[in-house]
Amino acid sequence: MDIEPPRADEILVRVTAAGICHTDLTTRSMWPEQLTPMVLGHEGTGVVEAVGADVTTIAPGDTVCLSFRSCGACPSCADGHPGYCAAFQGLNVSGGRGDGTSPLSRDGSSVFGGFFGQSSFATYAIAYESNTVKVPADLPPEVAAPLGCSVQTGAGAVRNVLRPEPGTSLVVFGTGAVGMSAIMASVALGCSPVVAVDPVASRRALAGELGAKATVDPSAVEDVAATIREATGGGAHFAVDTTAVPAVINQAIGALRPMGSLALAGIGAPEAALDVMSVIGKGLTVSGVIEGDARPADFLPWLIDRYREGKLPVDRLVTSYPFTEIETAAQAALSRQAIKPVVTFG
């Protein structure tokens with residue numbers, strides 16, 4: 001596969017590692033045939049090889065982490081919420097740059113790309129200043145890669161959306177990479193107790209090691225919400241759902257105390273019948289979350305600082321695979337054998 005030199009606003013990155021996210025796998029299963037072949041991947045990290053003439057914040061030789069792309073000019077971007085960029089669809093999931101072109105080709109024929117402004121399941125990726133963040137050169141690639149999406153989403157749902165005070169209780173439903181990141185951020189911010197809900201015993205055990213004071217196997221209790229209310233002394237102040245399963249979302253609603261808040265960070269269910277009377281009757285707040293409502297240039301350094309302090313041990317979530325075994329890594333994610341598969345490039 002061939003890649004064009006970067007345009008004036010573009011950055012050419014030699015990819016060293018890329019995380020596999022469920023968004024990649026979901027997109028693969030439903031991507032339109034007319035937009036194939038398509039290069040996915042949106043948790044890339046690597047070293048900058050070249051930059052366009054208009055790029056001022058990134059230079060060749062920089063080690064960078066890649067995240068989602070945003071326009072920087074719409075009201076959401078101007079207000080510091082680029083995850084809700086008015087041009088998000090065209091810039092991230094159009095199959096190209098957003099202008100109908102792609103920098104990728106094979107044997108002279110165009111290959112679709114530009115996934116989340118990067119398409120990092122490749123040796124090289126074209127990215128942009130809005131989704132490229134300089135990181136320390138000694139940060140392990142396997143740690144840097146997931147920061148741009150799954151870790152950012154889970155940790156951001158807590159720090160940027162729920163904003164819990166120390167000593168408040170928080171429950172996380174689903175302990176994949178997003179859920180584990182939410183747990184680690186909650187512990188780092190002083191939440192107590194933090195409760196993890198997941199049917200997989202090994203994941204519950206890891207959640208406990210990462211700071212969750214209680215864990216719940218939803219298949220082993222009669223009433224999940226009641227169990228959580230008991231564990232939190234009357235109901236959690238905050239909840240994060242990463243499952244996008246309607247029944248689980250309603251369990252989260254039932255687990256909250258009056259005036260509690262729920263962040264919906266899972267993508268999957270197109271619609272869900274919420275227990276509206278409980279939301280109204282308890283004065284709950286329900287918020288949708290894209291990319292942790294984060295500005296990557298500001299939030300990724302916070303994540304890296306917490307990793308350096310030992311409060312966000314992302315490496316505990318990672319299973320590494322050579323890029324040649326990317327399908328094995330994808331299947332490990334689908335079967336829940338790996339929390340965060342990361343493919344590495346030699």
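All values derive from a computational prediction rather than experimental measurement.

What counts as what
Sequence order as written defines residue numbering, which begins from 1 separately in each chain. Restriction of local features to residues with pLDDT of at least 70 applies here, the model being predicted, together with a cutoff of 80 or more for giving and counting side-chain atom pairs; totals for whole chains, interfaces and linings are based on all residues. Side-chain numbers here rest on the full set of heavy atoms in the structure, without hydrogens or water. Here, nonpolar core refers to any group of buried Ala, Val, Leu, Ile, Met, Phe, Trp, Tyr and Cys residues whose side-chain atoms link them within 4.5 Å. Exposure is judged per residue with a 1.4 Å probe applied to protein chains only, and the accessible area is read against the type maximum: over 50% gives exposed, under 20% gives buried, and values in between give partly exposed. The secondary structure listing takes helices from DSSP runs of H or I that are at least 4 residues long and strands from runs of E that are at least 2 residues long, numbered from the N terminus. Any two strands with at least two DSSP bridges between them are considered paired. Space inside and on the surface of the protein is sampled on a 1 Å grid over the protein atoms alone, with a cavity defined as a set of points where a 1.4 Å probe fits but cannot get out and a pocket as an open set with protein on both sides within 12 Å along at least 5 of 7 lines; lining residues have an atom within 4 Å of a point. Grid points are joined across faces, edges and corners, and a volume is the space filled by probe spheres set on the points. Side-chain classes follow a simple rule in which Ala, Val, Leu, Ile, Met, Phe, Trp, Tyr, Cys and Pro form the nonpolar group, Asp, Glu, Lys and Arg form the charged group, and the remainder, Gly included, forms the polar group.

K.L.:
Explain the nonpolar core residue by residue, including any values.
P.N.:
Counting residues in each nonpolar core, the largest one holds 48 residues, and the members touching the most others are Leu139, Leu147, Leu170, Met180, Ile183, Val240 and Leu303. Going through the elements one at a time, α4 (141–162), β9 (170–173), α5 (177–188), β10 (194–197), α6 (201–209), β12 (236–241) and α10 (296–308) are the ones with two or more residues in this core. Element by element, the count of residues in this core is highest for α4, at nine residues. One finds Met38, Val48, Val64 and Ala330 within the second-largest nonpolar core, a separate group that totals 37 residues.

K.L.:
Describe the sheet that holds strand β5 (residues 104–106), listing the residues and the values that go with them.
P.N.:
If you trace the three strands from one edge of the open sheet to the other, you get β1-β5-β6, paired in antiparallel fashion. The two strands at the open ends of the sheet, each matched to only one other strand, are β1 (2–3) and β6 (109–111). Sheet topology places β5 next to β6; three bridges connect them, and they run antiparallel. Pairing of Leu104 across the sheet is with Val111, part of β6.

K.L.:
Run through empty space enclosed by the protein, naming residues and quoting values.
P.N.:
Applying the stated criterion across every chain yields a total of one cavity of 30 Å³ or more. Taken as a whole, the largest cavity encloses approximately 90 Å³ of empty space. In terms of lining, the largest cavity is formed by 14 residues, of which the most central are Pro103, Gly114, Gln118, Ser119 and Ile126. Ranked by the residues each element gives to the lining of the largest cavity, the list is headed by strand β7 (residues 124–128), at four residues. A breakdown of the residues in the lining of the largest cavity according to their chemical character gives seven nonpolar, five polar and two charged.

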